[in-house]
Amino acid sequence: MLRAGIVGLPNVGKSTLFNALVANAKAEAANFPFCTIEPNVGVVSVPDERLGILAKLSQSEKVVPTRIEFVDIAGLVKGASQGEGLGNQFLANIREVDAIVQVVRCFDDDDIIHVSGSVDPVRDIEVINLELVLADLGQVERRLERSRKQAKGNKDFQAEVAALEKLVSALNEGIPARQVALSEEEAELIKPLGLLTRKPIIYATNVAEEDLATGNAWVEQVRPVAAQDQAMVVVISAQVESELVELPEEERTDYLASLGVTEGGLKSLIKATYELLGLRTYLTTGPQETRAWTIRAGMKAPQAAGVIHTDFERGFIRAETVAYQDLVACGTMQAAKEKGLVRSEGKEYVVQEGDIMLFRFNV
């Protein structure tokens, strides 16, 4: 399962956001630094309205959405890369995730302490990013020293040295590793390092309830920073999300409408994380279940089949495929077949978002 780590300074709303994400999580949210010591982990369903529609068409007994794992990592502070505030432990937790959601405080509240004494999202982002850069720099420099020694007697290490030298140069300038142009070979060579600043990032701007629909001046300060960092921005309100969790399902739409929005920021955050990781969804549907399956963009039909079971990939023959919109428009698979909308795809077919697939294979 893919993992996204929620990071940020203390008291920016990380644990409140995490609790709302997983609805029944028990992450402690309190008004003091480092209230989260061990990372809290929650599995979140990716919202997908298509599943309910398909389940009705197929009269499925159950619906199984695809999922993402979110990890609530303790608040980082200036000096974390040198061990401040248990920083080494927290940075190690970040290395284990696939993407980073950096929660940025974009609300003012005198009752909630800010570790730096004032609200300044750009400064806060710089503090977090600098600590991640410094942590990566130390790791890359140590690896480069070893690789240079090995390269003297083995030319195979020269490509790694070249990649590491590029990274050291950029990191020394405060440039994150994700902004360094590496060849496919170089990227593969440095992959085992699990560099923090190589991971894709979303800035989750945490605003007050009244700013959820429009954002605010602090959110607008974050946007150019994110653009430079090849990152996405999502406006969320941890306060609103925590209140939504307490409401019955039928009252949530009305509450959001009163705030001028059609969906909570969490739904946008989950979708953005999915998109950021370069993921796609294909669907299977029938009387037993309707289910979403996660694949990487560009996967071919046999690989997609292997997500269900390795036997499906090994013995792949073909995939009976229909686009979601076509099946819904026709009402039944039989009607879609009669209209010639169900295709027989082979081994070279690149699976598209929303494909509904039935795999044929040899055991």
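Let me sum up the structure you'll find in this document. All values reported here derive from a predicted model rather than from experimental measurement.

Tallying secondary structure elements over the chain gives 14 helices and twelve strands in all. In the chain, which comprises 363 residues, the proportion classed as buried is 50%. The long-range share in the chain, meaning contacts at least 24 apart out of those at least 6 apart in sequence, stands at 68%. Here the chain has roughly 17600 Å² of accessible surface; of this, 49% comes from carbon and sulfur atoms.

Pairing in this open sheet of six strands is mixed, and the strands run 2-4-1-5-6-7 from one edge to the other. Two strands bound the open sheet, and with one partner strand each, they are strand 2 (40-45) and strand 7 (232-236). Each neighbouring strand pair of the sheet contributes to a mean axis angle of 25 degrees, computed without reference to strand direction. One ladder, built from six bridges, connects strand 5 (residues 99-105) with strand 6 (residues 201-206); its direction is parallel. Its bridge partner being in strand 6, Val-104 is matched across the sheet by Thr-205. In the packing of helix 4 (residues 121-151) onto the sheet, contacts are made with strand 5 and strand 6, and the angle to strand 5 comes to roughly 145 degrees. The strands that helix 7 (residues 217-228) touches are strand 5, strand 6 and strand 7; relative to strand 7, the one it contacts most, it runs at about 160 degrees.

This next bit is on the nonpolar core. Note that soluble globular proteins tend to have their nonpolar side chains buried in a common cluster. Among the nonpolar cores identified, the biggest contains 59 residues, and Leu-21, Phe-70, Ile-94, Tyr-203 and Leu-269 are the most heavily contacted of them. Among the elements that take part in this core, helix 10 (residues 265-276) stands out by supplying six residues, more than any other. With near-sequence residues (within four places) excluded, Leu-269 lies in contact with Leu-17, Val-101, Ile-202, Val-234 and Ile-236.

For the rest of this paragraph, the subject is the side chain of Arg-105. Considering the arrangement of structural elements, one finds Arg-105 in strand 5. The side chain of Arg-105 sits in the buried core without any salt bridge; Asp-108 is the nearest counter-charge, 4.7 Å away. A polar contact is formed between the side chain of Arg-105 and the backbone oxygen of Phe-107, at a distance of 3.2 Å. Engagement of the side chain of Arg-105 in a polar contact is seen with the backbone oxygen of Asp-109, the distance being 3.2 Å.

Rules of the game
Residues numbered from 1 in each chain as written. Predicted model: local features only at pLDDT ≥ 70, side-chain atom pairs only at ≥ 80, totals over all residues. Heavy atoms only, no water. Helix = DSSP H or I, 4+ residues; strand = E, 2+ residues; numbered from the N terminus. Buried < 20%, exposed > 50% of the residue type's maximum accessible area, 1.4 Å probe, protein only. Contact = heavy atoms within 4.5 Å. Areas by Shrake-Rupley, 256 points an atom, 1.4 Å probe, with all protein chains shown as cover. Pairing = 2+ DSSP bridges. Axes fitted to C-alpha atoms, helices over the stretch in contact; angles between N-to-C directions. Core = buried A, V, L, I, M, F, W, Y, C linked by side-chain atoms within 4.5 Å. Lys, Arg positive; Asp, Glu negative; His and termini not counted. Salt bridge = Lys/Arg side-chain N within 4 Å of Asp/Glu carboxyl O. Polar contact = N/O pair within 3.5 Å; in protein donor to acceptor, adjacent residues only side chain to side chain.

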